[in-house]
Amino acid sequence: MAQATEDQTTDVFIVGGGINGCGIARDAAGRGLTVALAEMNDLASATSSASTKLFHGGLRYLEYFEFRLVREALIEREVLLRAMPHISWPMRFVLPYHKDMRFESDTPTSKLLGIFMPWMKGRRPAWLIRLGLFLYDNLGGRKILPGTSTVALTGTPEGAPLQDRFSTAYEYSDCWVEDSRLVVLNARDAEARGARIMTRTQVVSAEKDGALWRVKTRNSETGAEHTHFARMLVNAGGPWVGDIIQTKVRLNSREGVRLVRGSHIVTRKLFDHGKCYFFQGTDGRIIFAIPYETDFTLIGTTDAEHPAPSAKPECTPEERRYLLKFANQYFKQDLDESDVVWTYSGVRPLYDDGASSATAATRDYTLKVDTSSGVPMLNIFGGKITTYRRLAEHALEKIAHHLDSKGKPWTAGVPLPGGDFPVDGFDALVEGLRRDYPFLDAFWARRLARAYGTQARDILGNATQAGDLGRNFGATLTETEVTWLMVHEFALTAEDVVWRRNKLGLRLTRDEITALNTWMAERRHTTTQTSAVG
Ligand SMILES: Cc1cc2nc3c(=O)[nH]c(=O)nc-3n(C[C@H](O)[C@H](O)[C@H](O)COP(=O)(O)OP(=O)(O)OC[C@H]3O[C@@H](n4cnc5c(N)ncnc54)[C@H](O)[C@@H]3O)c2cc1C
């Protein structure tokens, strides 16, 4: 049996390389703690690459009186935006008003309204939407983002794609974020601060060994097993949080999460402006239609109970039809199955608060320290991309005394890699790239600036022509960029690159992706052989 030695032992061992695991790894490493993180697949391979990609307060959660969550998230939007103006940007949301919009029947607001205004029969009155937006504007921290306004939909770009029955809309602010890049940038920063990030590494068991955790991992590619020792175990397994408690740590706990699948569909671009739509349905739910990857529109999401974390989430034909039908209540253009170019699904690991419907289950997070095995373990239930940094701060607060850690919160205002430029400096960054690298066209320069921010220059180096960047895999993806992703961003396969480090999977052909995968496999082989010889 492996013996614990000082240098093998970390303060914190994190299970799960989604946003919560990577956010905690970064925060903990920055506080001077020693950290190891194991992710069984690629970083952000589960829920954290399948979100709607909004840093948002969650307007609809106001109807559930989730004021703590909404306020924290609203304040957080701008803190995050400043720290990562490359992967996050402000967006305006257009909410067309129609008198038939309904509440979900079991929100506290709809129940109250049912008592005091029974004649509304579940309809959402305009004054209530205005009140919600007023709260949204004023609950916290809004300095950069513009507030709510009213927009005419007749004869305006915002109204052009919508049916004529919509004449007025409200417009409010939230922010976009590239979710999977957010995860990888947190992992990179954690690594730069000393954390050990292990991908394709599954935690197969964790048990008490004296005053420590003995954690066994298995490499999912080579099968190699390793033993690690840690003073604190952090379970950031997202949908697997219950599985980790019950089958990896074998604790006798009934705590778990409610798994709620959300699916999105992607179509070719449906409108010609940069704003999003917030559509309210007659079933009380809402969906977004968002400009996506320059030439596409993202529509989602659904709320469906999901059987188990091991069941791969996929957009079912019913969910696809539901989203198309919902969008067709608003858009002039009648969408059908043939308009869908891509779909993706993720599973929300929601804290099980006993709510009756999936839509109503809380989106807030709960952190629980379990010491029943004699060594401390922190379990994370729920959470949103938007609150990951605050969740990490709360997590560190909870575990500090178990580790005698004196580190203070530090992440607010500290940029993520490549995000060290002013919040309104994105256009200047793109212009600078195009001036210094004239071979970049507008799409390419914007894409690199969005993905890598100020570090785009580190990738482009001394290149004076496209050919200097090596092989072109298609859609502006070059050998130099892929090498960067493999060396600095933990990418191992074409799928890691074209669906999580970027979204060029929407533009590359199947053959191009296969060729990229072959190239990456060969490069890994050569690198392994070279390092074996060296
Ligand atoms: C459809 C949908 C839309 C959403 N939209 C938004 C939004 O717009 N804004 C927002 O703020 N939030 C949104 N969310 C919520 C947000 O995406 C999640 O709260 C967040 O991504 C959860 O992150 P996580 O790190 O907890 O989980 P995950 O990202 O799932 O990470 C958990 C990781 O643990 C790994 N793991 C599990 N078991 C093991 C093991 N034994 N060993 C090693 N690794 C293991 C998994 O492989 C996985 O990568 C949305 C969620 C969904 C599903």
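A brief look at the structure comes next. (Residues numbered from 1 in each chain as written. Predicted model: local features only at pLDDT ≥ 70, side-chain atom pairs only at ≥ 80, totals over all residues. Heavy atoms only, no water.)

## Some details on the site of the ligand
Okay, step 1: Around the ligand sit 39 residues, and of these Glu39, Ser48, Leu54, Gly383 and Thr386 come closest.
Okay, step 2: Between an oxygen atom of the ligand and a side-chain N or O atom of Glu39, the distance comes to 2.7 Å.
Okay, step 3: Between the ligand and the protein, one listed contact pairs an oxygen atom with a side-chain N or O atom of Thr386 at 2.6 Å.
Okay, step 4: For the ligand, whose accessible area on its own is 1,000 Å², the fraction buried by protein is 98%.
Okay, step 5: Counting only elements with at least two residues in the shell around the ligand, the list comes to helix H1 (19-30), strand E8 (201-209), strand E11 (257-268) and strand E16 (340-351).
Okay, step 6: Class assignment for the residues of the shell around the ligand results in 14 nonpolar, 21 polar and four charged. (Near = heavy atom within 4 Å. Polar contact = N/O pair within 3.5 Å; in protein donor to acceptor, adjacent residues only side chain to side chain. Areas by Shrake-Rupley, 256 points an atom, 1.4 Å probe, with all protein chains shown as cover. Helix = DSSP H or I, 4+ residues; strand = E, 2+ residues; numbered from the N terminus. Nonpolar A, V, L, I, M, F, W, Y, C, P; charged D, E, K, R; others polar.)

## Examining the side chain of Arg500
Okay, step 1: Inspection of the secondary structure puts Arg500 in helix H13 (residues 494-501).
Okay, step 2: Here Asp42 takes part through its side chain, which lies 2.6 Å from a polar atom of the side chain of Arg500.
Okay, step 3: Within polar-contact distance, the side chain of Arg500 engages the side chain of Asp496 at 2.9 Å.

## Examining the packing of aromatic side chains
Okay, step 1: Scanning the entire structure with this criterion turns up 23 aromatic pairs.
Okay, step 2: Ring geometry for Phe93 versus Tyr172: centroids 5.3 Å apart, planes at 25°, classification stacked. Of this pair, Phe93 sits in strand E4 (residues 88-96) while Tyr172 sits in strand E6 (residues 168-177), and the two are 79 residues apart along the sequence. In this pair, the class of Phe93 matches that of Tyr172, namely buried.
Okay, step 3: Considering the side-chain rings of Tyr437 and Phe439, the 6.2 Å spacing of their centres and the 80° angle between planes classify their relative orientation as edge-to-face.
Okay, step 4: Taking relative accessible area as the criterion, Tyr437 reaches 7% and is therefore assigned buried.
Okay, step 5: Sitting above the plane of the Trp89 ring, Arg450 keeps its charged end 3.9 Å from the centroid. (Phe/Tyr/Trp six-rings, centres within 6.5 Å; stacked < 30°, edge-to-face > 60°. Buried < 20%, exposed > 50% of the residue type's maximum accessible area, 1.4 Å probe, protein only. Lys NZ or Arg CZ within 6 Å of the ring centre and 35° of its normal.)

## Observations regarding helix H4 (residues 126-138)
Okay, step 1: Along its 13 residues, H4 runs 18 Å from first to last C-alpha, staying within 8% of the 18 Å computed at 1.5 Å per residue.
Okay, step 2: Where H4 is concerned, the buried positions are Ala126, Leu128, Ile129, Gly132, Leu133, Tyr136 and Asp137. (Expected span 1.5 Å × (residues − 1).)

## Quick word on the packing of H1 against helix H5 (residues 179-192)
Okay, step 1: As a packed pair, H1 and H5 sit with axes 8 Å apart at the nearest point and diverge in direction by 25°. By the angle between their directions, the pair H1 and H5 is classed as roughly parallel. Crossing of H1 over H5 shows left-handed handedness. Note on element contacts: H5 touches H1 through Leu182, Val183, Asn186, Ala187, Asp189 and Ala190, opposite Ile19, Cys22, Gly23, Ala25, Arg26 and Ala29. (Axes fitted to C-alpha atoms, helices over the stretch in contact; angles between N-to-C directions. Parallel < 35°, antiparallel > 145°, perpendicular 65-115°, else oblique. Left-handed = near helix turned anticlockwise from the far one by under 90°. Contact = heavy atoms within 4.5 Å.)

## Focus: the pairing of strand E18 (residues 377-381)
Okay, step 1: Of all five residues making up E18, five are buried, and the element is well covered by its neighbours.
Okay, step 2: Going residue by residue along E18, you find Met377, Asn379 and Phe381 tucked away on one face and Leu378 and Ile380 tucked away on the opposite face as well.
Okay, step 3: Strand direction decides the pairing type here: strand E10 (residues 225-235) and E18, joined by three bridges, are parallel. Its bridge partner being in E18, Val234 is matched across the sheet by Leu378.
Okay, step 4: Bridge count for strand E17 (residues 366-370) against E18 is five bridges, and the pairing is antiparallel. Each residue of the ladder has a partner; that of Thr366, found in E18, is Phe381.
Okay, step 5: Two successive antiparallel strands, E17 and E18, enclose a turn made up of six residues, where Gly374 displays a positive phi of approximately 100°. (Pairing = 2+ DSSP bridges.)

## Some points on the nonpolar core
The tendency in soluble globular proteins is for nonpolar side chains to be buried as a group.
Okay, step 1: Core analysis: the largest hydrophobic core is formed by 47 residues, its most contacted members being Ile14, Ile24, Met84 and Leu182.
Okay, step 2: Per element, the largest residue contribution to this core is seven residues, and it comes from helix H8 (residues 388-403).
Okay, step 3: With residues up to four places along the chain from it excluded, the contact list for Ile14 reads Gly21, Ile24, Ala25, Val35, Ala36, Leu37, Ala38, Val234 and Ala236.
Okay, step 4: Counting 33 residues, the second-largest nonpolar core is a separate cluster that includes Phe426, Leu440, Ala449 and Leu460. (Core = buried A, V, L, I, M, F, W, Y, C linked by side-chain atoms within 4.5 Å.)

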